Amino acid sequence: MQQQSLPSHDASQREWTDQDFLIAVAVGATAVIWPVGVLLAWANPRWRLLDKVVATVLPLAGLILSVLVLPAGARGFGLSAPSGVGTGVEIAHYAALMGAPLVAALYLGIRAGLSRRLLVVLLAVALFVLVLGQVAFILGERLRPGGM
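Residues numbered from 1 in each chain as written. Predicted model: local features only at pLDDT ≥ 70, side-chain atom pairs only at ≥ 80, totals over all residues. Heavy atoms only, no water.

Draft legend 1. Spotlight on the overall build of the protein. Looking only at helices and strands, the protein has five helices and zero strands in total. Within the protein, buried positions represent 28% of all 148 residues. Within the protein, contacts between residues separated by at least 24 positions form 60% of all contacts whose residues are at least 6 apart in sequence. Summed over its atoms, the accessible surface of the protein is roughly 10,300 Å², and 69% of this surface lies on carbon and sulfur atoms. (Helix = DSSP H or I, 4+ residues; strand = E, 2+ residues; numbered from the N terminus. Buried < 20%, exposed > 50% of the residue type's maximum accessible area, 1.4 Å probe, protein only. Contact = heavy atoms within 4.5 Å. Areas by Shrake-Rupley, 256 points an atom, 1.4 Å probe, with all protein chains shown as cover.)

Take a look at the structure:
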């Protein structure tokens, strides 16, 4: 009798399960629409409680930093702020507001064991979507009557 050998599947050709797809969606959504991504992460049993808490706290901390702390620094708490502070605060504002969800998505992707290639693609697409959103916002302000 001859033994039939099973077809070998390497990692790049394996079939995706629904669970794998939901993990990738959760990581991508955390980077772009972080409340949706965090909800998907909490609903998924793949991540531990600590992973879910970290992925929740990072975007919240970025939001709190960008909304409460950074505008107060730009105003200088009623004092005259140095001239370079406005640009620095603006960069820190965007880094906190958009960078924190990207870091949370990266953390979730690493903890879920996603391949580096998939993680890079997900984060690159997320960055592209975020940049398009900013460009649309800026152009929308300029096109609006009475805009810049």
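Past the structure itself, the notes keep going.
Draft legend 2. Highlighting helix α2 (residues 34-43). Within α2, the full set of buried residues consists of Gly37, Val38 and Ala41. Across the axial projection of α2, the buried residues extend over an arc of 100°, all falling on one side. For α2, the exposed residues lying more than 90 degrees away from the buried face are Leu39 and Ala43. (Arc of directions from axis to C-beta.)

Draft legend 3. Summary view of the environment of Val27. Here Val27 lies in helix α1 (residues 18-32). Judged by relative accessible area, which is 0%, Val27 ranks as buried. As for Val27 and Ala112, which are separated by 85 residues in sequence, their C-alpha atoms are 9.2 Å apart. In this view, Val27 contacts Trp47, Ala105, Leu108, Gly109, Leu114, Leu119 and Leu122; residues no more than four positions away in its chain are not counted.

Draft legend 4. Molecular detail of a nonpolar patch on the surface. A cluster of nonpolar residues, Leu60, Leu63, Ile64, Val67, Leu68 and Leu97, forms a patch on the protein surface that exposes about 490 Å² of accessible area. At five residues, helix α3 (residues 49-75) tops the list of elements feeding residues into the nonpolar patch. Relative to the helices and strands, Ile64 resides in helix α3. (Patch = residues over 30% accessible without salt bridge, like charges linked within 9 Å, V, L, I, M, F, W, Y side chains within 5 Å. Salt bridge = Lys/Arg side-chain N within 4 Å of Asp/Glu carboxyl O.)

Draft legend 5. Region of interest: α1. Spanning 15 residues, α1 covers 21 Å between terminal C-alpha atoms, matching the ideal 21 Å at 1.5 Å per step. Inspection of α1 places Asp20, Ile23, Ala24, Ala26, Val27, Gly28, Ala29, Thr30 and Ala31 among the buried residues, and these make up the whole buried set. (Expected span 1.5 Å × (residues − 1).)

Draft legend 6. A look at the nonpolar core. Ranked by internal contacts, the top residues of the largest apolar core, which has 20 residues, are Val27, Trp47 and Leu114. When neighbours within four sequence positions are excluded, Leu114 is seen to be in contact with Ile23, Val27, Gly109, Leu119 and Leu122. (Core = buried A, V, L, I, M, F, W, Y, C linked by side-chain atoms within 4.5 Å.)

Draft legend 7. Structural detail: the pattern of salt bridges. Inspection of every chain in the model, using the stated rule, returns three salt bridges. Of the charged contacts, one joins Arg111 and Asp51 as a salt bridge, the two residues approaching to 3.1 Å between their closest N and O atoms. Here Arg111 is found in helix α4 (residues 85-112), whereas its partner Asp51 is found in helix α3, with 60 residues between them in sequence. Salt bridges sharing partners connect three or more residues here, namely Arg48, Asp51 and Arg111.

Draft legend 8. Focus on the side chain of Thr30. Structurally, the position occupied by Thr30 is in helix α1. If we skip the residues at most four places from it in the chain, Thr30 touches Gly37, Val38, Pro101, Ala104, Ala105 and Leu108.

Draft legend 9. Structural context of the packing of α1 against α2. Contact geometry for α1 and α2: axes closest at 6 Å, N-to-C directions at 150°. In terms of orientation, α1 lies roughly antiparallel with respect to α2. Considering the relative orientation of α1 and α2, their crossing is left-handed. Counting all contacts with α1, which are made through Val25, Ala26, Ala29, Thr30 and Val32, the residues of α2 involved are Trp34, Val36, Gly37, Val38, Leu40 and Ala41. Its residues assigned to classes, the contact of α1 with α2 comprises nine nonpolar, two polar and no charged. (Axes fitted to C-alpha atoms, helices over the stretch in contact; angles between N-to-C directions. Parallel < 35°, antiparallel > 145°, perpendicular 65-115°, else oblique. Left-handed = near helix turned anticlockwise from the far one by under 90°. Nonpolar A, V, L, I, M, F, W, Y, C, P; charged D, E, K, R; others polar.)

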